[in-house]
Amino acid sequence: EAEGGDGRSVMRAAIASYGEAIEREFELADCCYNRGLGYLYLADMEEMRGVDPRASLGRCIEDCTAALGHDPDVAETWLNRGVAHFNTGEWMLRNGEDAREWYEKAIADDDEAVKRSPGVPGGYGNRGNAYMGLGQATGMAGGDPRECFRRAIEQFELALRIDASRASTHGNLGSALFTLGEEEAARGDDASATIERAIAEYDEAIRLDPELATAYFNRGSAWLQLAKEEGRRQEDLRETSRKAIAD
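Residues numbered from 1 in each chain as written. Predicted model: local features only at pLDDT ≥ 70, side-chain atom pairs only at ≥ 80, totals over all residues. Heavy atoms only, no water.

Within the largest apolar cluster, 31 residues are counted, with the highest numbers of intra-cluster contacts made by Tyr103 and Ile195. Of all the secondary structure elements, the ones that give two or more residues to this core are helix H4 (75-94), helix H5 (100-116), helix H6 (121-140), helix H7 (146-162), helix H8 (167-186), helix H9 (192-208) and helix H10 (213-246). Beyond its immediate stretch of four places on either side in the chain, Tyr103 contacts Phe86, Gly89, Glu90, Leu93, Ala130, Gly133, Leu134 and Ala137. The next biggest cluster of nonpolar side chains, apart from the first, holds 13 residues, and it includes Met11, Leu40, Met45 and Ala84. (Core = buried A, V, L, I, M, F, W, Y, C linked by side-chain atoms within 4.5 Å. Buried < 20%, exposed > 50% of the residue type's maximum accessible area, 1.4 Å probe, protein only. Helix = DSSP H or I, 4+ residues; strand = E, 2+ residues; numbered from the N terminus. Contact = heavy atoms within 4.5 Å.)

With 21 residues, helix H2 (residues 28-48) ought to run about 30 Å at 1.5 Å a step, and its terminal C-alpha atoms sit 30 Å apart, in line with that. Here H2 has its buried residues at Cys31, Cys32, Arg35, Gly36, Leu37, Gly38, Tyr39, Leu40, Leu42, Ala43, Met45 and Glu46. Along its buried surface, H2 packs onto helix H1 (8-23), helix H3 (54-70) and H4. Looking one or two places after H2, you find Gly50, whose phi comes out positive at around 75°. (Expected span 1.5 Å × (residues − 1).)

Note on placement: Glu229 falls in helix H10. With a relative accessible area of 3%, Glu229 lands in the buried category. Excluding residues that lie within four positions of it along the chain, Glu229 makes contacts with Ala185, Asp189, Asp190, Ala191 and Ser192.

As for its placement among the helices and strands, Leu134 is situated in helix H6. Residue classification places Leu134 among the buried positions, given a relative accessible area of 9%. Spatially, the C-alpha atom of Leu134 lies 9.7 Å from that of Leu93, the residues being 41 residues apart in sequence.

Our focus in this paragraph is the pattern of salt bridges. Within the structure shown, the criterion is met by 23 salt bridges. Its salt-bridge partner being Asp98, residue Arg100 comes within 2.7 Å of it at the nearest N-O pair. Given a relative accessible area of 31%, Arg100 falls into the partly exposed group. On the basis of relative accessibility, which here comes to 47%, the residue Asp98 falls in the partly exposed class. One salt-bridge network, held together by shared partners, links Asp144, Arg146, Glu183, Arg187 and Asp189. (Salt bridge = Lys/Arg side-chain N within 4 Å of Asp/Glu carboxyl O.)

Now the structure itself:
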């Protein structure tokens, strides 16, 4: 393969072939969907190599929008466009840009996907990830992200009601709980219960997939935060005791 054998040339060939079919008005909904999916894969390849993927993501969004114009009832098309909006937001967030609009667009697409396939966990999981991103972007902009993280928790819980066997979803729920706990602690609230719930989700993720390295790392971070919470509680008790003695 050209370009270092990374698959991009092959993906571009697939995209071009679907383009030829689209020009001939053949199975337009399917061709637009598939070409959009090709652009989504190409964007992933670009991002892995540090290349700005937004042009490819924009083409994916255009093709998904065209496909939805031909057939708006395909949940997967809404999901793919949501992923393209989400990935655009992720790139912008990592580069210090305001990404809130893109996460909101992803959530709107996930809403449409869930309406059409309410029994598929992917729509809830994707919406949970988008709420997590929106929370992070809101915090970066100086706002209060906690409601976004609470909504993310709700979405991951809904996904697990449909399929509780997904280690990654348990891990994502743990991360949403942990991030909410960090925000609670930063505001002086007792975050122990939230962090303990996060640890329980990481435990379940590890039980389901003992090779899920991120779950071990995140669980360690949660235990560390819980130790800080315990230390703070002990200091509060000591301060209360000192005041009582002084009185």
